[in-house]
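One-letter residues, chain by chain:
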Amino acid sequence: MKDKSITIKGWLFASPYLIYTVVFFLIPVIGALFLTVTDWNMMSPDIKFVNLDNFISAVKSPEVQAAFIVSYKFMAIILPTTLILSVGQAMLINSLPKYKNVFLVGYFLPYLASGVAIALVIKGVLAYNSVVNVWLRSIGIAIDWFNHPIFTPLVIAFMITWKFSAYYILIIISGLESIPKEIYEAAKIDGAKSWTTFWKITVPMLYPALYTIVILTSGWMFSIFGEPYLLSRGGPGYGTYTWQLSIYFNAFQRLSAGYASAVAIIAAIVTFASVLIIKRLARGWGRKYGWE
Amino acid sequence: MNKINVKRYGAFLLVLLMGFSIALTGCGAKITSSDAKATGGTIENSAVSFEFWSAPNPTQDKFWKGMAEEYMKQNPNVKIKVSSIPEKPSSEAAIQAAIAAKSAPAASENIMRSFAATLYQSKAIVPLNKIDGWDKLVETRKMADSVKPWKLSDGNQYVMPIYNNAMQFGWRMDLLKEAGITEVPKTYSQVIEAGKKIKAKYPDKFLWASQDLGRADDWWTRWFDFLMLYDAATGGKTDFIEGTKLVADDKAALEVLTFLSELQKNNLLLPSQATDPFETGLGAFATVGPWSLPTWKEKYPDLLSNVELTLPPVPDSVNPADSKTFADAKGIVIYASVPEEQQKAAWEFIKWVFSNPDNDLKWLQETNLPPARDDTATNPAFKDFFDQNPALKKFAEAIPNSIPPMDNDKIVDLQTIMGREGVVPVVNGQKDPETAWKDMKKALQDALAK
């Protein structure tokens, strides 16, 4: 009888989350799965079933193929830069003799800034007729920042890196603070140089923090929307065309709910598979240092 | 004890679920005539109540709220709730979601021809010409010609057009004069010549600086470059897409792309992000809608006196007097999903608003958007307004020369294709005009055949 009471209590305490999940996750997912096999625009009383046509068209479409590549392109740029920046900045802050918290708050601010506001500022700063570009042209450098196959993805990657490294600094700092000082002292006594200490002690000991960052960043690469939407609309060509842009344009401009749902399901599968692979790779690296 | 606990927690769970359900129900709350009777208070005596969605634009919202208030004073048995169409993610998507959730209003404005086609094919709107009083309203509002292009493929009239922005091209006369040109260029060769002279005088400036030229996924931007020029090149004689067929005039379409290509080759185009390129004089030529004028007045008060508004330039073989332009026009629809009594009440309200030219004048004063009437430029009711706002008169005068958007529900795909296969690669110098037109035509035909 006591067990039953405990079970009921457990369900009750879990119920807010369960209800939330059912209403805002499970029901929408079932709805989306239904939409994927129809060409319904959610307005017409006539619903035509199209079997897997939406998935087939999505896989064949250049925009979905572009979204697939662009996600990995962003991951290849953003993941290492975010790691380097957040670890570097965190170590810098951690080494400060005082006012550590003031700097920590200062570095955290970009994460709190609105993505839209940042995009608008970047848009103004890098506009063709901005002071920056007028000066660059005066020294012979003419770059079309928002219509260039290399610089446009780099600008977007810079914005995301800047914002997220601000958040990851906190995770790294807490990781750094959890490394016992004695280990560094022992290494010093053994004559280890700071470079060796960094690679042989700091980085392996930061594994839990780095693992979290790698997984969060990898997942985020499949959810990029605001920056390319505001700055490049996925261009030039399909150079910055992400999964979320494809879902948005199809769902809310073309009003093709079925097709957009199919793209969303494909995006979810790709995200899940990619994160799973990255997770395994990261765990493999952790095991080398005795984690897990 | 355990039983008591179970009961207590069970009750807690029920209250939680109920609260959740009430909260969710509240999200979709909507006024209906039965609700009105039941809730009492201010709408207790309403015989009928309905919702009207205005465009997500403060001036339009203000106009409709004012109209509804006045109408309700005269018709105390009618309750109208005016609210703006939720703009996010887009007004079309908001209407789609409302229809799907069975919470559509009785009527809404801000409907363009192509979206009306989607709504009509989804059986979501009612034919206005089948409601009593349509013919009389067409006659009273003097809009027999203005409503014609709004007929949909079944021959019915589902949209009551409210305004028509006959788009113009603006020229910076100060730049033209400084380059030694005194008259506005009207043909392609004159435009290119003017561009070359401006470039010679100011190597850092461009003829046409607009980020929209380089964007394919902003499908609507094709209205303001390719289609405007196409309408002018054909003199409005040949549609681009008619229903579900590509009927474009090959010669005119190719001439437009060749014109863009020539501008690109002469370094006269800037398809990049720039802050107010026309207003700051980075470009000498730009598409202008009436909505630009209040911004200019506020941010660039001297600009308007330097700008000459004209219809789009034409190929050398076409008489500039035959130039036509794109009509950025929108109207009102009545939704099929609301009870007939609400549809009728909404129609009575619409009829009341548009039977009086003073209301069109009020609309013009508050929104600066020219009413979709055949006599907007000549009706004495608007004379004083246009005398005080001569730039807006240009838009009103051009209404008879304007062509509304296509009535194809695949407009987003079709205009995205125009950008991806035609305009954007030509503007970026990646395709020659012949290849661009061939690719664009094929892709459009494939999309239309689906």
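Residues numbered from 1 in each chain as written. Chains lettered and ligands numbered in written order. Predicted model: local features only at pLDDT ≥ 70, side-chain atom pairs only at ≥ 80, totals over all residues.

**Points about the overall build of chain A**
Phase 1: Counting its secondary structure elements, chain A contains 13 helices and zero strands.
Phase 2: Along its sequence from the N terminus, chain A presents helices and strands in the succession α-α-α-α-α-α-α-α-α-α-α-α-α.
Phase 3: Each of the three principal axes of chain A carries a C-alpha extent, and together these read 80 × 80 × 35 Å.
Phase 4: Relative to all contacts within chain A whose residues are 6 or more apart in sequence, the contacts with residues 24 or more apart total 72%. (Helix = DSSP H or I, 4+ residues; strand = E, 2+ residues; numbered from the N terminus. Contact = placed C-beta atoms within 7 Å.)

**Things to note about the environment of K265 of chain B**
Phase 1: On the secondary structure map, K265 of chain B appears in helix α11 (residues 250-265).
Phase 2: Each C-alpha atom of the pair K265 of chain B and F385 of chain B lies 43 Å from the other, and the pair is 120 residues apart in sequence.

**Re the domain arrangement of chain B**
All names here are of chain B.
Phase 1: Under the domain assignment used here, chain B contains domain 1 (33-165 + 328-403) and domain 2 (168-288 + 410-449).
Phase 2: The straight-line distance from the C-alpha centre of domain 1 to that of domain 2 is 32 Å.
Phase 3: Taken residue by residue, the interface counts seven residues in domain 1 and six residues in domain 2.
Phase 4: Considering only residue class, the side of domain 1 that touches domain 2 consists of three nonpolar, two polar and two charged. (Domains from an automatic or database assignment. Nonpolar A, V, L, I, M, F, W, Y, C, P; charged D, E, K, R; others polar.)

**Quick word on the pairing of strand β5 (residues 168-172) of chain B**
Residue and element names in this part refer to chain B.
Phase 1: Across the five residues of β5, five count as buried, placing the element largely inside the fold.
Phase 2: Every second residue of β5 is oriented toward a common face, with Q168, G170 and R172 on one face and F169 and W171 on the other, all of them buried.
Phase 3: By the bridge criterion, four bridges tie β5 to strand β10 (residues 283-288) in an arrangement that is antiparallel. Within β10, the residue paired with G170 across the bridge is A286.
Phase 4: Relative to strand β11 (residues 307-310), β5 runs antiparallel, the two being bridged by four bridges. Looking at β11, one finds that G170 is bridged to L309. (Buried ≥ 20, exposed ≤ 12 C-beta atoms within 10 Å, placed from the backbone. Pairing = 2+ DSSP bridges.)

**Some details on unusual backbone geometry**
Phase 1: Of the consecutive residues G235 of chain A and P236 of chain A, the connecting peptide bond is found in the cis state with omega at 0°.
Phase 2: With respect to the element layout, P236 of chain A can be found in the loop between α11 (226-231) and α12 (243-253).
Phase 3: Of note in the backbone geometry, K102 of chain B takes a positive phi value of approximately 55° without being a glycine.
Phase 4: With respect to the helices and strands, the residue K102 of chain B is situated in the loop between α4 (91-100) and β3 (107-111).
Phase 5: On the basis of neighbour counts, which here come to 10 C-beta atoms within 10 Å, the residue K102 of chain B falls in the exposed class.

**Comments concerning the interface of chain A and chain B**
Phase 1: Listed as interface residues are 31 residues of chain A and, on the opposing side, 39 residues of chain B.
Phase 2: Going through the elements one at a time, α1 (2-36), α5 (115-125) and α12 of chain A are the ones with two or more residues in the side of chain A that touches chain B.
Phase 3: No other element matches the seven residues that α1 of chain A contributes to the side of chain A that touches chain B.
Phase 4: Its residues assigned to classes, the side of chain A that touches chain B comprises 15 nonpolar, eleven polar and five charged.

**Concerning the packing of α11 of chain B against helix α18 (residues 433-449) of chain B**
Residues and elements named next belong to chain B.
Phase 1: Contact pair α11 / α18: the axes reach a minimum separation of 9 Å and the direction vectors enclose 135°. One element, α11, and the other, α18, form an angle in the oblique class. Taken as a pair, α11 and α18 cross one another with a handedness that is right-handed. Residues A253, L254, L257, T258 and S261 of α11 touch α18, and the partners they reach there are P433, E434, A436 and W437.
Phase 2: Of the residues belonging to the contact of α11 with α18, the class tally is six nonpolar, two polar and one charged. (Axes fitted to C-alpha atoms, helices over the stretch in contact; angles between N-to-C directions. Parallel < 35°, antiparallel > 145°, perpendicular 65-115°, else oblique. Left-handed = near helix turned anticlockwise from the far one by under 90°.)

**Remarks on the sheet that holds strand β6 (residues 206-209) of chain B**
Residue and element names in this part refer to chain B.
Phase 1: Sheet architecture is open: five strands sit in the order β9-β6-β10-β5-β11, paired in mixed fashion. Looking at the sheet topology across the chains shown, the edges are occupied by β9 (269-270) and β11.
Phase 2: Note that β6 and β9 share two bridges and pair parallel. Following the sheet pairing, A209 is matched in β9 by L270.

**So, the pairing of strand β12 (residues 325-334) of chain B**
For a regular strand, the rule is simple: side chains alternate between the two faces of the sheet.
All names here are of chain B.
Phase 1: By the criterion of burial, β12 is predominantly enclosed, with ten of the ten residues buried.
Phase 2: With three bridges joining them, β3 and β12 adopt antiparallel strand pairing. Bridging from a neighbouring strand, I111 pairs with G331 of β12.
Phase 3: Strand direction decides the pairing type here: strand β4 (residues 160-166) and β12, joined by six bridges, are antiparallel.

**With respect to the nonpolar core**
Phase 1: Formed by 195 residues in total, the largest nonpolar core has its most connected members in A116, I125 and V333 of chain B.
Phase 2: Considering every element that reaches this core, the biggest residue donor is helix α7 (residues 151-177) of chain A, with eleven residues.
Phase 3: For this core, the two domains that each supply at least three residues are domain 1 (33-165 + 328-403) and domain 2 (168-288 + 410-449) of chain B.
Phase 4: Contact partners of I125 of chain B, with chain neighbours within four places excluded, come to A116, L119, Y120, Y158, V333, I334, Y335 and A336 of chain B. (Core = buried A, V, L, I, M, F, W, Y, C linked by C-beta atoms within 7 Å.)

**Some remarks on the packing of helix α10 (residues 207-220) of chain A against helix α13 (residues 257-288) of chain A**
Residue and element names in this part refer to chain A.
Phase 1: For the pair α10 and α13, the least separation of the axes is 9 Å and the interaxial angle reads 165°. By the angle class used here, α10 and α13 are roughly antiparallel. In this structure, α10 meets α13 at a crossing whose hand is right-handed. Contact with α10, carried on its side by Y207, Y211, V214, I215, S218 and G219, involves T271, S274, V275, I278, K279, A282 and G286 of α13 and no other residues of that element.

**Topic: the environment of G180 of chain B**
All names here are of chain B.
Phase 1: Relative to the helices and strands, G180 resides in the loop between α8 (173-178) and α9 (188-201).
Phase 2: The class of G180 is exposed, set by 11 C-beta atoms lying within 10 Å.
Phase 3: When the C-alpha atoms of G180 and P277 are compared, they prove to be 21 Å apart, with 97 residues separating the residues in sequence.

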